[in-house]
Amino acid sequence: MNVLRTLFDQLRLTWRLIRDPRVPVLAKMIPLAGLVYIISPIDFVPDIIVGLGQLDDLGIFLLGLRLFESAAPEYVVEEHKAQLQSRQAHQQTVIDSKRYTIRDKK
């Protein structure tokens, strides 16, 4: 389950960095290249080999996300990571709290 959380966090960070105008356009092409690789019929390991074919697609895509993160300006990445972490901490606080309903007595 921790792997899925890490993947989800990486996707959220990537989405925020793509939308940030401080990240160079050339760096934003890296995740796009990963998506093109997944769609492309040309693969390192053919998709005919069940399991391995899809695994190399996933690996290239994740590598592209990490490469994009490293190509973006470090201060921008750190800013977005801090915002995401504070948002997660806030959501955990809300989830852990109890809900009470206050009704007027008539």
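The structure we're discussing is the one just above.
Below is a summary of the structure that appears in this document. Everything numeric in this text was worked out from a predicted model, so none of it was measured.

The number of helices and strands found in the chain is four helices and zero strands. In the chain, which comprises 106 residues, the proportion classed as buried is 25%. When contacts within the chain are restricted to residue pairs at least 6 apart in sequence, long-range pairs at least 24 apart make up 65% of them. Accessible surface, the chain as shown: approximately 8500 Å² in total, 66% of it carbon and sulfur.

The next point concerns a nonpolar patch on the surface. Nonpolar side chains collect at one region of the surface, where V25, L26, M29, L32, L35, V36, I38 and I39 lie side by side and expose about 810 Å² of accessible area between them. Positionally, M29 belongs in helix 2 (residues 25–39).

Unfilled space is identified by rolling a water-sized probe across the atoms. Approximately 180 Å³ is the volume found for the largest pocket. Lining the largest pocket are T6, D9, Q10, L13, R66, E69, K81, L84, Q85 and Q88. Residue composition of the lining of the largest pocket, grouped by class: two nonpolar, four polar and four charged.

Bringing the nonpolar core into the picture now. Formed by L13, L17, V23, A27, I30, F68, A72, V76, V77 and L84, the largest nonpolar core amounts to ten residues. Secondary structure elements with two or more residues in this core: helix 1 (2–19), helix 2 and helix 4 (74–96). Among all residues touching L13, those that are not within four sequence positions of it are E69, V77, H80, K81 and L84.

What follows is about the environment of R5. Along the polypeptide, R5 turns up in helix 1. Among the residues examined, R5 registers a relative accessible area of 42% and is labelled partly exposed. With residues up to four places along the chain from it excluded, the contact list for R5 reads R12 and Q88.

Time to look at the pattern of salt bridges. Per the counting criterion, the structure on display carries five salt bridges. With a closest N to O distance of 3.6 Å, R5 and D9 form a salt bridge. Of this pair, R5 and D9 both sit in helix 1, four residues apart, which is roughly one turn of the helix. Put simply, R22 and E79 hold a salt bridge, and the shortest N to O gap is 3.0 Å. Of this pair, R22 sits in the loop between helix 1 and helix 2 while E79 sits in helix 4, and the two are 57 residues apart along the sequence. For R22, a relative accessible area of 34% puts it in the partly exposed group. The partly exposed category is assigned to E79, whose relative accessible area is 32%. What emerges from the salt-bridge pattern is a single network uniting D20, R22 and E79.

Definitions and cut-offs
- Residues numbered from 1 in each chain as written.
- Predicted model: local features only at pLDDT ≥ 70, side-chain atom pairs only at ≥ 80, totals over all residues.
- Heavy atoms only, no water.
- Helix = DSSP H or I, 4+ residues; strand = E, 2+ residues; numbered from the N terminus.
- Buried < 20%, exposed > 50% of the residue type's maximum accessible area, 1.4 Å probe, protein only.
- Contact = heavy atoms within 4.5 Å.
- Areas by Shrake-Rupley, 256 points an atom, 1.4 Å probe, with all protein chains shown as cover.
- Patch = residues over 30% accessible without salt bridge, like charges linked within 9 Å, V, L, I, M, F, W, Y side chains within 5 Å.
- Salt bridge = Lys/Arg side-chain N within 4 Å of Asp/Glu carboxyl O.
- 1 Å grid on protein atoms, 1.4 Å probe; cavity = no way out; pocket = protein on both sides within 12 Å on 5 of 7 lines; lining within 4 Å.
- Points joined across faces, edges and corners; volume = space filled by probe spheres on them.
- Nonpolar A, V, L, I, M, F, W, Y, C, P; charged D, E, K, R; others polar.
- Core = buried A, V, L, I, M, F, W, Y, C linked by side-chain atoms within 4.5 Å.

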